[in-house]
Amino acid sequence: MKNKHVNAIVVGSGAGGGVVAKELSEAGLSVVLFERGGWAHYAAHGDDELTAQRSFPLYAFFGPDNERYRRVAVDRDGNQRIVYPNDWAYHNNAACVGSGTVNYGAMAWRFMEEDFTMKSTYGHIPGSTLEDWPITYADLEPYYEKVEWEIGVAGDDYQNPFAPWRRKPHPMPPFPHNREAQILEEAAKRIGYHPFPIPMLRNSVEYNGRPACVHVRNCVGFACPVDAKNGTQNTVIPMAIATGICELRIHSQVVEITMDASGRATGVTYFDKEDRKQTQTADIVVLAASATETPRLMLNSTNRLHPDGIGNRYDWVGRNLQGHAYCGADGLFEEEIYDDFGPGASVAICDFVHNNPGITGGAMLANEFIKLPYAYSSGYRPPGSARWGREHKEFQKANYRRNASIRGPVQEIPNFESRVEVAPDVLDHWGMPVAKISGFKLDEDIKTAEFIADKAEKWLQAAGAYKTWKNIPGTGVSGSQHQSGTCRMGNDPQTSVTDKYGRVHDVDNLFIADGSLHVTNGGFNPVLTIMALGYWVSDYIVNEWERGNRFR
Amino acid sequence: MRLKTGSLSNGITRRCFLKVSAIWAGGAWIVGVPALSANPYRVLTDQEAEIMDALADCIIPPGDFYGGKDALVTRFIDRQIGPYGHLQKEKEMYQTCLSALNRGSKAEFGRNFVDLFEEQKIVYLTDIEGGKYNHQSNERGWGRFSPSAFFNTVRNHCMMGFYGSPDHGGNKDYVSYRMLGLF
Ligand SMILES: Cc1cc2nc3c(=O)[nH]c(=O)nc-3n(C[C@H](O)[C@H](O)[C@H](O)COP(=O)(O)OP(=O)(O)OC[C@H]3O[C@@H](n4cnc5c(N)ncnc54)[C@H](O)[C@@H]3O)c2cc1C
Ligand code: SF4
């Protein structure tokens, strides 16, 4: 049976896509929201660390599966290997309704004003493609507010002297600290840092008909047992479906953007749950498949006018892949500081995100989420510690409740060679070339990481840790859960993929609304910005639609 | 294009174990261990299981809390490399390397691995981990596997079996959770 033509297709029901589906359908556009995965609930997964989305050594419960998906990972020496979704080198986020927003740690950061003007703030960095965004914080501010109120954020930015300006407070009060975070908060104040509670996409009080958080241990990497964590799957996506004109089509793998002879998008082809190839046509196509899968889809969609992939006339699709150069420090304490009050991360400082002498950018610093038993067995110990045997077991026993870690997502300086391509000779289950990921971090990123890790270590020392050590990232390409930047927005079609509204430069009815759009990725976790961009892009489409533009 | 992988063609087959995964996704074992068999394992032979138990007790030694053996780390590994497990691609490695480990023990110490003194086992494993035997892996039956890479993998699997959820076959009586004061 032929699928009925709709006004808009949205590919991907994660952070960006969920928002767009809701905004367009509420404005009266008929929508099909495609998702390759299905619904993923707490009841089906539970508290299993070995399949949770943070390290998944057995398999990734929230997807994608190891049977149908693979990628090619290229290391710094050019060696290539095939990797599966539960390998770190796959750079997985998730594949289910809501994607990473079902199981994330839910930190809800607004980027700072400087994060949108990195090049004018710091100048050109050799070897980089550092650039300003074509939009400013002021442009996005109302949309951040929308995310905070519609999806739900608990926090109090007025305690953070470095927070960007805002017109409205967070809708829910901030979370209290556990014992570890209290100790860290007091220490931070003693050494002149400015600690404040991390804004969270979790309910500190009942909100939107769902209950308050009950502070379990297994939060990041897991679905929430009481539905107190706010993702797109329990907010905007149900709102979209409630309009009656948005169909969520799950277990549907979109493989290609179809085009007409003039190079416009006409819809998509996809494989349904039974692996039948189908087509769906629409007036508008919005890609929100993540910073890896959106460029892959574009590169796999070619015709006479777009021989190298749709939107890829100047070879910018897939370029500038970024994540964060995560760094920090760990420390051991004489006293038990663990009190099993989840999820753990709650205190942060923004003292070192910008204005660091001789450093480009920086990072927010926060205490780490509770380390689960398996994770703690392999990381988080001083360099040179026993990896097994009696000494290892004794370390576990002695220190599990006596350690703290501070981590910071160092803002990376984008480079052209860190990228997503397609591997023409490696195909997925549906016969499509898979994503190939290669690249590196600039020396500048490592320098910043060393600077930030030092601040983290000082914080732990001030808190009374008797032993501390730093964590400096390797030089390999980032991406993973914070992947972004691969279809950057910009004013110049020769050095960007979309205009400032997320519209692909030479394809009038093709939009992008996910992490791919980021020009730079801030010194913060990215999801609030991705959601805000979802509202921003939607607003443009809806305004055009209401003016009578049918994108035909 | 330089591809350093032997499994390219393998990588594009369309094997699909999704239905089986769904059984796992429930977090519980729907397919049980055959009750009548004397050997409770699906893949490992008695001898392999004995070596694995000894290895698990070196990696996580017994004391006031179970070691790897009593925590049933071997059962965890056996299930995971078995027909419904999630580490099936490691099955051949275990089948090759556990006996190679024993062969090396006889060559170096004149005794089966399980019969070595604890100190000897630790010296031997530390040498394996450090790569001492990597260059002679062929003579001792390690096949295409590097002894040090095998050790790293077993170490990781033991940690998964000991510290992961008991639903997967290890962590008997929630021993690791109790040890960390979480239970
Ligand atoms: C464990 C974990 C913790 C995290 N913690 C935080 C945090 O604390 N704070 C924060 O800011 N961020 C966090 N993140 C990151 C956050 O989840 C991501 O930044 C965000 O989800 C990315 O949004 P996106 O719209 O770009 O892509 P996604 O949200 O990944 O959405 C893409 C969607 O498209 C679907 N898709 C892809 N290809 C296709 C196709 N061909 N056909 C159909 N569907 C397709 C995918 O299945 C997916 O659902 C975390 C992520 C994880 C996994
Ligand atoms: S810590 Fe709170 S939000 Fe997180 S899973 Fe537990 S109840 Fe849900």
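Residues numbered from 1 in each chain as written. Chains lettered and ligands numbered in written order. Predicted model: local features only at pLDDT ≥ 70, side-chain atom pairs only at ≥ 80, totals over all residues. Heavy atoms only, no water.

Asks: Please give an account of the pattern of salt bridges that cites residues and values.
Replies: All names here are of chain A. Under the definition given, this model contains 41 salt bridges over all chains. The shortest N-O distance in the salt bridge between Glu-185 and Lys-189 comes to 3.9 Å. Pair noted here: Glu-185 and Lys-189 are both in helix α6 (residues 179-190), with a separation of four residues, about one helical turn. Between Glu-336 and Arg-401 there is a salt bridge, with the nearest N and O atoms lying 3.2 Å from each other. You can see Glu-336 sitting in the loop between β10 (325-332) and β11 (347-349) and its partner Arg-401 sitting in the loop between α10 (389-399) and β13 (403-410), a full 65 residues away along the chain. (Salt bridge = Lys/Arg side-chain N within 4 Å of Asp/Glu carboxyl O. Helix = DSSP H or I, 4+ residues; strand = E, 2+ residues; numbered from the N terminus.)

Asks: Before we move on, can you summarise the sheet that holds strand β14 (residues 419-427) of chain A with the specific residues and values?
Replies: Residue and element names in this part refer to chain A. Strand order in the open sheet formed by four strands is β4-β3-β15-β14, and the pairing between neighbours is mixed. Looking at strand neighbours, the two that pair on one side only are β4 (80-83) and β14, the edges of this open sheet. Within the sheet, the average angular offset between the axes of one strand and its neighbour, ignoring direction, is 35°. Where strand β3 (residues 71-74) meets strand β15 (residues 433-438), two bridges bridge the pair, whose relative direction is parallel. The residue of β15 that forms the bridge with Ala-73 is Ile-437. (Pairing = 2+ DSSP bridges. Axes fitted to C-alpha atoms, helices over the stretch in contact; angles between N-to-C directions.)

Asks: Got a sec to walk through the site of ligand 2? Specific residues and values, please.
Replies: With respect to spatial proximity, the complete set of residues near ligand 2 consists of A:Arg202, A:Cys213, A:Val214, A:His215, A:Val216, A:Asn218, A:Cys219, A:Cys224, A:Pro225, A:Val226, A:Lys229 and A:Pro343. When the residues that make up the shell around ligand 2 are grouped by side-chain class, the tally is eight nonpolar, two polar and two charged. (Near = heavy atom within 4 Å. Nonpolar A, V, L, I, M, F, W, Y, C, P; charged D, E, K, R; others polar.)

Asks: Describe the site of ligand 1, listing the residues and the values that go with them.
Replies: All names here are of chain A. Contacts to ligand 1 come from 36 residues, most closely from Glu-35, Arg-36, Ser-99, Val-254 and Val-527. At 3.3 Å, a backbone N or O of Pro-526 approaches an oxygen atom of ligand 1. Burial of ligand 1 by the surrounding chains reaches 98%, relative to a free accessible area of 990 Å². For the shell around ligand 1, the secondary-structure elements that each account for two or more residues are α1 (15-26), α3 (100-103), β7 (253-259) and α12 (527-546). A class-by-class count of the residues in the shell around ligand 1 yields 15 nonpolar, 17 polar and four charged. (Polar contact = N/O pair within 3.5 Å; in protein donor to acceptor, adjacent residues only side chain to side chain. Areas by Shrake-Rupley, 256 points an atom, 1.4 Å probe, with all protein chains shown as cover.)

Asks: Requested: an account of the sheet that holds strand β12 (residues 365-367) of chain A, with residues and values cited.
Replies: Residue and element names in this part refer to chain A. Read from one edge to the other, the open sheet built from six strands follows the order β5-β11-β12-β13-β10-β16, with strand pairing classed as antiparallel. Looking at which strands have only one partner, the edges of the open sheet turn out to be β5 (196-197) and β16 (467-471). Where β10 meets β16, five bridges bridge the pair, whose relative direction is antiparallel. Residue pairing for β16: Asp-330 is matched across the bridge by Trp-469.

Remember that the coordinates give geometry; whether it matters functionally is a separate question.
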